[in-house]
Amino acid sequence: MPLHLIKLAVGVRDLDHLAELQDRRAVSADGRTRIPVYTRRLPKRGDELLAGGSIYWVIKGSVLVRQPILAIDTATDEEGESYCTLQLAADRVQTVPTPHRPFQGWRYLTAEAAPQDLSAAGGAGDELPADMAAELRALGLL
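For clarity, every value in this text was computed on a predicted model and none was experimentally measured.

1. Notes on the overall build of the protein
Point 1. A tally of regular secondary structure across the protein gives three helices and eight strands.
Point 2. The secondary structure elements of the protein, listed N-terminal to C-terminal, are β-α-β-β-α-β-β-β-β-β-α.
Point 3. Burial analysis of the protein (142 residues in total) assigns 37% to the buried set.
Point 4. Contacts in the protein between residues far apart in sequence, at least 24 positions, make up 67% of those at least 6 positions apart.

Next up, the structure:
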């Protein structure tokens, strides 16, 4: 079973805004588009994350989307501080909206605790506007 990460998308308004921000930083390598995400801490369980894990994004208090983790790189900045770069796939897979409280940094997320993909949960059909979906979630109807 893969292990995942969960992280807050601080300052992100909705899925379109996340895509816009990430597309600005996208890089192509080996014929594949990757999205770099920087963090200070290197995941100690990196091998488990690379075995099919994803990063789940919390946007406005709900987990809404995940992106597969392709690679984990380490480097050192100009001040001698080490940091980690998570290389994510450009594919954004929408999940069943799941409320989540705020936290700092990232956390491990087991496969059992991870929200289900929207397509696997029968989420076919037209997508609701973001403001309507947020209001329905706040009412406990979504």
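2. A closer look at the pattern of salt bridges
As a working rule, side chains carrying opposite charge can pair if their charged atoms are close by.
Point 1. Counting across every chain of the model gives five salt bridges.
Point 2. Arg92 serves as the salt-bridge partner of Asp23, at 3.0 Å between the closest nitrogen and oxygen. Placement of Asp23 in helix α1 (residues 15-25) and of Arg92 in the loop between β6 (82-89) and β7 (93-99) is noted, with a sequence separation of 69 residues between them.
Point 3. Judged by relative accessible area, Asp23 falls into the partly exposed class, the value being 48%.

3. So, the packing of aromatic side chains
Point 1. Scanning the model with the defined rule gives two aromatic pairs in all.
Point 2. Stacked on the ring of Tyr108, the Lys or Arg Arg45 has its end atom at 5.2 Å from the ring centre.

4. Here's the deal with the confidence of the model for the protein
Point 1. Overall, the prediction assigns the protein a mean pLDDT of 89, with 89% of residues at 70 or greater.
Point 2. Across the protein, the element-wise mean pLDDT spans from 70 in helix α3 (residues 130-138) up to 97 in strand β4 (residues 54-59).

5. Looking at α1
Point 1. Along α1, the residues classified as buried are Leu15, His17, Leu18, Ala19 and Gln22.
Point 2. Those residues of α1 hidden inside the fold are in contact with β3 (32-39), β4, β5 (62-76) and β7.
Point 3. With a side-chain oxygen lying 3.2 Å from the backbone nitrogen of Asp16, the N-terminal cap of α1 falls on Asp14.

6. Regarding unusual backbone geometry
Point 1. A positive phi is found at Lys60, a non-glycine position, where the angle reads about 50°.
Point 2. For Lys60, a relative accessible area of 66% translates into the label exposed.

7. Focus: the side chain of Thr95
Point 1. Residue placement: Thr95 occurs in strand β7.
Point 2. Thr95 sits in the buried class, given a relative accessible area of 2%.
Point 3. Looking at Thr95, its side chain comes within polar contact range of the main-chain oxygen of Val63, at 3.4 Å.
Point 4. Not counting the four nearest positions on each side in its chain, Thr95 is found in contact with Tyr56, Val63, Leu64, Val65, Arg66, Pro115, Gln116, Asp117 and Leu118.

8. Digging into the nonpolar core
Point 1. Within the largest apolar cluster, 20 residues are counted, with the highest numbers of intra-cluster contacts made by Leu5, Trp57, Ile59, Leu86 and Leu88.
Point 2. Counting residues per element, this core draws most heavily on β5, at four residues.
Point 3. Aside from chain neighbours lying at most four places away, what touches Leu5 is Leu49, Ser54, Ile55, Tyr56, Ile69, Leu86, Trp106, Arg107, Tyr108 and Leu109.
Point 4. Judged by nonpolar contacts, the second largest core, of eight residues, contains Tyr56, Val63, Phe103 and Leu109.

What counts as what
Residues numbered from 1 in each chain as written. Predicted model: local features only at pLDDT ≥ 70, side-chain atom pairs only at ≥ 80, totals over all residues. Heavy atoms only, no water. Helix = DSSP H or I, 4+ residues; strand = E, 2+ residues; numbered from the N terminus. Buried < 20%, exposed > 50% of the residue type's maximum accessible area, 1.4 Å probe, protein only. Contact = heavy atoms within 4.5 Å. Salt bridge = Lys/Arg side-chain N within 4 Å of Asp/Glu carboxyl O. Phe/Tyr/Trp six-rings, centres within 6.5 Å; stacked < 30°, edge-to-face > 60°. Lys NZ or Arg CZ within 6 Å of the ring centre and 35° of its normal. pLDDT = per-residue confidence, 0-100. Polar contact = N/O pair within 3.5 Å; in protein donor to acceptor, adjacent residues only side chain to side chain. Core = buried A, V, L, I, M, F, W, Y, C linked by side-chain atoms within 4.5 Å.

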